[in-house]
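# Structural description and commentary
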Amino acid sequence: MAKQLIKGNEAIVKGAILAGCRFYFGYPITPASEIAEAAAFYLPVVGGTFIQAESESAAINMLYGAASGGVRAMTASSSPGMSLKQEGISYAAGSELPMVIVDVMRGGPGLGNIAPAQADYNQMVKGGGHGGYKMVVLAPNSAQEMCDLTMLAFDVADKYRNPAVILADGFVGQMMEPVEFPEPVMELPKKEWAIQADAQDEFRLVSSIDLEPEELEKHNVHLQQKYAAMEANHVMFEDYQTEDAELVVIGYGVVSRILHSVVDELRGKGVKIGLMRPISLWPFPKNHIIELAARIKRFFVVELSDGQMVDDVRLAVNGKIPVQFYGRYGGVVPSPDEIIAQIMKKNEA
Amino acid sequence: MANALIKADSFYELYERKSGIQDVTHYCPGCGHGVLHKLIAEAIDDFGIRERTILISPVGCSVFAYYYFRVGNIQAAHGRAPAVSTGIKRVHPESIVISYQGDGDLAAIGGNHIIQAANRGENITVFFVNNAIYGMTGGQMAPTTLAGQKTTTSPYGRNVNSEGYPLKVCELLSSLEAPVYIERVALTDPKNTTKVRRAVRKALQNQIDNKGFSLVEVLSVCPSNWKMTPVQSKQWLVDNMIPQFPLGVFRDKTAEIPNRETIRNTFDQSGVREKLEIPANEKQVQYSLQPKMDFANPKLVIAGFGGQGVLILGLGIAQAAMQAGYNVSWLPSYGPEMRGGTANCNVNISRERVGSPLVTKPTVLIAMNLPSLEKFDSKVEANGLIIYDTSLINKQPTRQDVHVLGIPATQMADELGNTRIANMVILGAFIAYTAVLNKEVVFDALPNFIKRKNLLPLNESAIIRGMEYVLNKVTN
């Protein structure tokens, strides 16, 4: 197949349209704006609809309305925008609406800056909105995966009637790489529950309210069963040189690319090092971490944050072996040399 | 025509979604919601649109409107009903979407949403119930609360000096171009109620005819929170609310806007790859390339002023390398930097999988101005290559352990008649010096990164000039 050199952000839109998405609601923000721009350019060409919403809140609620109608639809933003969308995300989870939400993370907190960061892990993976809910969160590390995981996200969202998230960073969004685009999805899943424009089922309703505690608890139990099925079926990770490793580094998104270089360089010097890259941040590959912990000496986690995913690594490891952490904040991306120095330093300690 | 004594077909026979008694509503005695619900349900019946009506229930007393209306129902977050309406209406343009909202919902937390939906001219119908108070939460101050009116959060009366004046939604929205129909009515006596009935029908008919945005503000009583009997509260509405919120038509373009056909959405994936400009599958062309030893898997930093074509140079190298079968990545500096000032990009070209897209130790530095040379000079790997534009940089790189190639690229570009193709002169020099790529693949790639096709010959000339410069220099 022919490859196309393309920005990660643009690959998301092409992947989404190939997956059958025809509705995009968004608000401009760096470093995610190319997603809105590509959606505005391509959606009218394929008979779709792009709306530049008046706010992030409007965008997620337009998406809520569109998803209620049974179509594949999406939004995208970057960190401060995701904070604003959290209300709508919680409603979508409560009302069981499938949709795809993309967060191209930037430096924070507050207005921060537009450089790449990974400090939205807690916000997006742990449920930044109110109430208890879960979403499959996928973390691409290449332009190819920006396309592929977006397509997968639509499938997962539809399968479970639940929002699904692409959690990327500024570099993966802005970077251009060759992408082989898959064939389009020709037929979309039927949604018997959706609000249609004709022959309304008399009881068709999209809602997250239930005043009766026992009834709302039943709804929550149903959601938890759904999350358990998602957890059982959608763990994704990639191992690199872990077979004989004594030290395994863990990172997602652009960090995993840098760690790939770290592993190559240290392997060249005879260090038994490997890389484990979570692709699904929820469900987190905890069982795989438990397996690794039984045969290696230490984990070394790198994030573009104060250390958020590392908590999940530590929960899985449960104190069995050391879990070391190195993070840079505010949009600073560490070099392979810098990480190698930290790995060596912590080995001596 | 609906019989006033017979329940509308657009209501459920029994309110099964409601707990407790299922043949009466949850609304308080005397409340206006019940009457307005009835007028809407009868209109839906009479227009024969029940099966395609979608009601957006807000947050507020009418949050449970879906208990009653036998239509498609979506419950929305507080204030967001116009955005939710927009989403579903755009998906199903043939549906009839009703955004039913109270004053706290529409005029406070959702103020921007209603303004913007109205301004977009969304083809929806909004019924806005104004009772000057938050009902569901127990009688707090609303944007529409009257001056001096006591509520649980304005216990000493609304003070206009600190809490402002009652918000007049119809007046506000009628300053916009797009809305088709805006009217304020009141649920008081039978005469006024007839006007409400007429307004409800007109606002729905406009949507059926695809004319655009219609909003009916309905002044309504809240006996429970006003702490009055239903009869007293109706009098209070007449005496106090109507003077503040005058009744009448604020906008009516119904007659001048023609009825429009409904354009339904259809899902069609045929030809989608072409529409997305995804390249067709072509046979991979084999290029004979023998990169010089030091440049087998080069990592480039390309830097200069914004406007020198630094990013497009990197893109061109990446595009050609991809077509030559390499793995590649291109990473720009982005954001404020790309709006003037300096620009740089990182390019990886490799026969192996590309690790970090970020190049911190380049094997090739292309510097198109002095600040770039000074910034990245020391970072180049030993035995690497520095290419710099001697027409703009009057200083030599300090490194002794790297290849250095100075080329008067800007001067050569000027000689070709366009300063902006200095980047292509450099591209020629890069491929001639390193042999990572050759002329054939770069020329094949050129149309994929130079969008203006009439400039292709000029770019080709510049590349050839750059190559010749290097080959002459090496020969001499």
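## Structural notes on the interface of chain B and chain A
Chain B puts 72 residues into the contact, and the matching count from chain A is 81 residues. Across the chain B to chain A interface the summed buried area is about 6,400 Å²; carbon plus sulfur atoms make up 62%. Remark: the boundary between chain B and chain A carries six salt bridges. With a shortest N-O distance of 3.0 Å, A:Glu54 and B:Arg120 are connected by a salt bridge.

## Details of the sheet that holds strand β10 (residues 237-240) of chain A
Residues and elements named next belong to chain A. Spatial strand order, β10-β12-β11-β14-β15: five strands in an open sheet with mixed pairing. Both outer strands of the open sheet, β10 and β15 (323-327), are each paired with one neighbouring strand and no more. Here the strands of the sheet are splayed against their neighbours by 20° on average, with no regard to which way each runs. Bridge count between strand β14 (residues 298-303) and β15: five bridges; the pairing is parallel. What sits directly across from Glu303, in β15, is Gly327. Strands in contact with helix α9 (residues 254-268) are β10, β11 (247-250), β12 (273-278) and β14; relative to β12, the strand with the most contacts, it is inclined by about 165°.

## Remarks on the pattern of salt bridges
Enumeration according to the criterion identifies 35 salt bridges over all chains in this entry. Two residues, A:Arg267 and A:Asp244, come together in a salt bridge whose shortest N-O distance is 2.9 Å. Here A:Asp244 lies in the loop between β10 and β11 and A:Arg267 lies in helix α9, a separation of 23 residues in the sequence. Look at A:Asp244 and you get partly exposed, because its relative accessible area is 38%. As a salt-bridge pair, B:Arg465 and B:Glu415 come within 3.4 Å of each other at their nearest N and O atoms. Of this pair, B:Arg465 sits in helix α17 (residues 456-475) while B:Glu415 sits in helix α14 (residues 409-416), and the two are 50 residues apart along the sequence. Among the residues examined, B:Arg465 registers a relative accessible area of 26% and is labelled partly exposed. By sharing partners, the salt bridges in this structure join A:Glu54, B:Arg90, B:Arg120 and B:Glu122 into a single network.

## Digging into the pairing of strand β7 (residues 163-169) of chain A
Looking along a regular strand, one sees the side chains alternate between the two faces of the sheet. Residues and elements named next belong to chain A. With respect to burial, β7 is a largely interior element, seven of its seven residues being buried. Pairing of strand β5 (residues 99-105) with β7, which is carried by seven bridges, proceeds in the parallel orientation. If you follow Val104 over to β7, its bridge partner there is Ala168. Summarising the sheet, strand β6 (residues 136-138) and β7 pair through three bridges and their orientation is parallel. Bridge pairing links Val137 to Val165 in β7. With respect to chirality, the unit in which β6 leads through helix α6 (residues 143-160) into the neighbouring parallel β7 is right-handed.

## Some points on the domain arrangement of chain A
Residue and element names in this part refer to chain A. Once the domains are mapped, chain A shows domain 1 (4-184 + 210-233) and domain 2 (238-348). Distance from the C-alpha centre of domain 1 to the C-alpha centre of domain 2: 26 Å. Buried area between domain 1 and domain 2, both sides added, is near 2,400 Å², and the carbon and sulfur share of it is 53%. Contact with domain 2 buries area across many residues of domain 1, yet Gln118, Tyr121 and Asn141 alone supply 31% of it, more than any other trio. Measuring nitrogen to oxygen at the nearest pair gives 2.7 Å for the salt bridge that ties Glu145 to Arg277. Our enumeration of links across domain 1 and domain 2 arrives at 18 residue pairs in polar contact (both at pLDDT 80 or more).

Here is what the cut-offs are and how they apply
All residue numbers refer to position in the chain's written sequence, counted from 1. All chains are assigned letters beginning with A, and all ligands numbers beginning with 1, in the order in which they are written. Totals for whole chains, interfaces and linings use all residues, but because this is a predicted model, local features are given only for residues with pLDDT of at least 70 and pairs of side-chain atoms are given and counted only at 80 or more. Based on all heavy atoms of the structure, the side-chain values leave hydrogens and waters out of the count. The contact rule is simple, with two residues in contact once any of their heavy atoms fall within 4.5 Å. When two parts are brought into contact, each loses some accessible area as probed by a 1.4 Å sphere; the total of that loss over both is the buried area. Salt bridge criterion: a side-chain nitrogen from Lys or Arg within 4 Å of a carboxyl oxygen from Asp or Glu. Between any two strands, pairing holds if DSSP finds at least two bridges. Per the convention used, a helix needs a DSSP run of H or I reaching at least four residues, while a strand needs a run of E reaching at least two, with both numbered from the N terminus. In this analysis, axes come from line fits to C-alpha atoms, helices being fitted only over the stretch in contact, and the angle between any two N-to-C directions falls in the range 0 to 180 degrees. The classification of residues rests on relative accessible area computed with a 1.4 Å probe and restricted to protein chains. Under 20% of the type maximum is buried, over 50% is exposed, and intermediate values are partly exposed. When the strands point away from the viewer, a crossover counts as right-handed if the route from the first strand across the helix to the second turns clockwise. These domain boundaries are the output of an automatic or database domain assignment. N or O atoms closer than or at 3.5 Å make up a polar contact, with two conditions inside protein: a donor-capable atom paired with an acceptor-capable one, and, for residues adjacent in sequence, both atoms drawn from side chains.

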